[in-house]
Amino acid sequence: MFSTKFPLSGVSRAVRMVTTTAPEAEMAPIEQAKKRAAYACGEKYVHSGCRLGVGSGSTVKYLVEYLKQGYQNGQLKDIICVPTSFLTKQWLIESGLPVSDLDSHPELDVCIDGADEVDGQFTCIKGGGACLAQEKIVQTAAKHFYVIADYLKDSKHLGDRYPAVPIEVLPPASQPLLLSIPRAEGGSCQLRQATKKCGPVVTDNGNFIIDWQFEKNVSGRDWLAIQQRLANTPGIVETGLFIGCVDAVFFAYSDGSVKEIVNAKKH
Ligand SMILES: O=C(CO)[C@H](O)[C@H](O)COP(=O)(O)O
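Looking at an unreviewed UniProt entry, the protein chain carries the name ribose-5-phosphate isomerase, with the source organism given as Caenorhabditis remanei. As stated in UniProt under Catalytic activity (unreviewed entry), the record for the protein chain gives "aldehydo-D-ribose 5-phosphate = D-ribulose 5-phosphate". Looking at the Sequence similarities (unreviewed entry) heading of the UniProt record, one finds this comment for the protein chain: "Belongs to the ribose 5-phosphate isomerase family."

Below is the structure:
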């Protein structure tokens, strides 16, 4: 394991090669990468007694697998898991893990979640699975936030890897917002459609998702200002922009390596 520090566009990052005991299995390289990232992060940051926010998505499924093993073999005792979506809650229950919520545990030690894209400044796009609002609520309740991701999510600039920012909106505001967001911010917007239901995707909170396809190659874009403007817009519940909250990202690559990229600003 080694550690280097270098400034990247004013962001201080420490890069560490990490090892993981994730069991080898016959699976596609991308799945192997998701599993390695999840296990490496779990091994480092989940301990007995941990109050843990558990994110959503296919990478997080491997984290739940890791938690289940640790809980069953006694290495992880007295953990509390607060899910960020209906599906994650089901996975936790099926795995026999202790499930709670923010009513009972309003403060968490750690939150671990996947992402659709993470840029060089640790800014993330989340919400590909439409769980962004609860994900951000649970992340905000946690002292530390770790992202687990495969190599396809590692980018320099937002938009290199994922084309849009998902935005959760109240249904009565959706049609005006489809017009007003592009007018204010450029790009274009689409109401996310369900695949096995007629009509739009309905989130766990009963809302809709607008995917804002922002213009690419705009230099010096101020994502924080965009987030603030969107969050102040009536009808917008939350955006999938996660800014300034990541402690570290575990990126797993197709060659089997895993890197922990630590946000030195948070340490
Ligand atoms: O934000 C999310 C769901 O709302 C997920 O964390 C994100 O979409 C990544 O998912 P996956 O691990 O399946 O690639």
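Draft legend 1. Representation of the sheet that holds strand β12 (residues 236-239) within the structure. Pairing in this open sheet of four strands is antiparallel, and the strands run β10-β11-β9-β12 from one edge to the other. Each of the sheet's edge strands pairs with one partner strand only, and the pair in question is β10 (188-191) and β12. Put simply, the sheet's adjacent strands are angled 30 degrees from each other on average, direction ignored. This element, helix α5 (residues 174-185), spans β9 (165-169), β10, β11 (208-213) and β12 of the sheet and lies at about 160 degrees to β10. Seen against the sheet, helix α6 (residues 223-231) touches β9, β11 and β12 and runs at an angle of roughly 160 degrees to β12.

Draft legend 2. Geometry of the site of the ligand. By nearness alone, 16 residues border the ligand, and S58, T59, D116, G127 and K153 come closest of all. Note that an oxygen atom of the ligand is positioned 3.4 Å from one of the backbone N or O atoms of G114. Residue K126 places a side-chain N or O atom 2.9 Å away from an oxygen atom belonging to the ligand. Coverage of the ligand by the protein chains reaches 91% of its 380 Å² of free accessible surface. Of the residues assigned to the shell around the ligand, the class counts are three nonpolar, eight polar and five charged.

Draft legend 3. Focus on the packing of helix α1 (residues 29-45) against helix α2 (residues 58-72). Taken N-terminus to C-terminus, the directions of α1 and α2 make an angle of 50 degrees; their axes are 8 Å apart at the nearest point. The orientation of α1 with respect to α2, classified from their angle, is oblique. With respect to the hand of their crossing, α1 and α2 are arranged in right-handed fashion. Only S58, T59, Y62, L63, E65, Y66 and Q69 of α2 make contact with α1, whose side of the interface consists of E31, K34, K35, A38, Y39, G42 and E43. Along the lines of polarity and charge, the residues of the contact of α1 with α2 split into five nonpolar, four polar and five charged.

Draft legend 4. Quick look at the sheet that holds strand β6 (residues 117-118). On the basis of which strands lie adjacent, the open sheet formed by three strands has the order β6-β7-β13 and antiparallel pairing. Across the chains shown, the open sheet's two edge strands, defined by having one partner strand only, are β6 and β13 (241-242).

What counts, and where the lines are drawn
- Residues numbered from 1 in each chain as written.
- Predicted model: local features only at pLDDT ≥ 70, side-chain atom pairs only at ≥ 80, totals over all residues.
- Heavy atoms only, no water.
- UniProt positions renumbered as here; feature names shortened; annotations may be inferred.
- Pairing = 2+ DSSP bridges.
- Helix = DSSP H or I, 4+ residues; strand = E, 2+ residues; numbered from the N terminus.
- Axes fitted to C-alpha atoms, helices over the stretch in contact; angles between N-to-C directions.
- Contact = heavy atoms within 4.5 Å.
- Near = heavy atom within 4 Å.
- Polar contact = N/O pair within 3.5 Å; in protein donor to acceptor, adjacent residues only side chain to side chain.
- Areas by Shrake-Rupley, 256 points an atom, 1.4 Å probe, with all protein chains shown as cover.
- Nonpolar A, V, L, I, M, F, W, Y, C, P; charged D, E, K, R; others polar.
- Parallel < 35°, antiparallel > 145°, perpendicular 65-115°, else oblique.
- Left-handed = near helix turned anticlockwise from the far one by under 90°.

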